[in-house]
Amino acid sequence: MLRLMGRSSEQIESYLVFLEENNEETGPRQRRPPPSGFFPVRCFSLLVAPVCYITGDTVEQYELVSSLFGQLWGRIQGPTPELAQCCWIFEALIARFAAPACLHATRTLGLPPLRLAIQWMVTAFVEVLEPAELLAFWDLILSYHIEEIFAGRTSLSVHIREGVESGVEKKKKEMEGEEKEVSSFAPSALWLLPLLAASLFVYRAPLVERCATAEEMLVVFKDGHHLRCRPLLQYLLFMAK
């Protein structure tokens, strides 16, 4: 990709990640990081592949991948607050709408549903949905992400103070105990990931209850070519009413 963009061979070599042998035979092998300091995570190529269905221009593909990963997918790679929120939302939903299947999968089959959901969410359902349906789901995430950007909030708790106060007035109100503070919880566009994961699990909960082994449960969720995101999300929302 970098060669097609016109980068020199020296720049291409600096972007490669490889293991470098130490001069001492007993010394440890050291990993040389790229200039950006970013190491591709597991299944990173799966997040790149759907972009090829959008455009054939290599430069545009690179810009789309860097933007998507920098603004969205990078926030759920590793032990991040957003990933913890997604896990909590998923477990809360399946415990409410598919408790028997959840208990059967966890206690009898030894395969907690969260193990499947984390893989779906970290890869943004690339391994589950067809390309056209996957891009339609990503459009939903981007539409909410735009609102998230213009709102000037993150997915974490944001404390909002009413009014604009000077330092003297603020100190005076603190002394008088009259300061009012409002805490709001701004939603995140990434919360669509656990919503879809919970919708998929709830939709196939009757099949999960009939599984006798963990392998059978994996087969239940292996094929997703007929899945449609919007009906699944509507199915869960109607159950929540």
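The structure presented is a predicted model; accordingly, all values stated were derived computationally and were not measured.

Engineer: Residue-level account of the environment of Cys87, with values.
Structural biologist: Secondary-structure assignment places Cys87 in helix α4 (residues 81-97). Of the residues examined, Cys87 reaches a relative accessible area of 13% and is grouped as buried. Those residues in contact with Cys87, other than ones at most four positions away along the chain, are Leu114, Ile118 and Met121.

Engineer: Quick one: what's the story with α4, residue by residue and with numbers?
Structural biologist: In this model α4 runs 25 Å from its N-terminal to its C-terminal C-alpha over 17 residues, within 8% of the 24 Å that 1.5 Å per residue would give. Among the residues of α4, those classed as buried are Glu82, Leu83, Gln85, Cys86, Cys87, Ile89, Phe90, Leu93, Ile94 and Phe97.

Engineer: Lay out the confidence of the model for the protein in plain terms, naming residues and giving numbers.
Structural biologist: The predicted model of the protein averages 76 in pLDDT, with 67% of residues at 70 or higher. At the low end of the mean pLDDT range in the protein sits strand β3 (residues 157-161), at 35; at the high end sits helix α9 (residues 192-203), at 94. Contacts from residues 154-168, a stretch scored under 50 in pLDDT, to residues over four places away or in other chains number 33 contacts. Note on residues 178-184: pLDDT is under 50 here. Beyond four places in sequence and across chains, it has 18 contacts.

Engineer: Could you give an account of the packing of aromatic side chains, naming the residues involved and the relevant values?
Structural biologist: Applying the stated criterion to the full structure yields seven aromatic pairs. Measuring from centroid to centroid gives 5.6 Å for Phe125 and Phe137, while their planes differ by 80 degrees, and the two rings are edge-to-face. Residue Phe125 is found in the loop between α6 (113-122) and α7 (131-151), and its partner Phe137 is found in helix α7; the two are separated by 12 residues along the sequence. Residue Phe125 is classed as buried on the basis of its relative accessible area, which comes to 1%.

Reading guide: rules and limits
- Residues numbered from 1 in each chain as written.
- Predicted model: local features only at pLDDT ≥ 70, side-chain atom pairs only at ≥ 80, totals over all residues.
- Heavy atoms only, no water.
- Helix = DSSP H or I, 4+ residues; strand = E, 2+ residues; numbered from the N terminus.
- Buried < 20%, exposed > 50% of the residue type's maximum accessible area, 1.4 Å probe, protein only.
- Contact = heavy atoms within 4.5 Å.
- Expected span 1.5 Å × (residues − 1).
- pLDDT = per-residue confidence, 0-100.
- Phe/Tyr/Trp six-rings, centres within 6.5 Å; stacked < 30°, edge-to-face > 60°.

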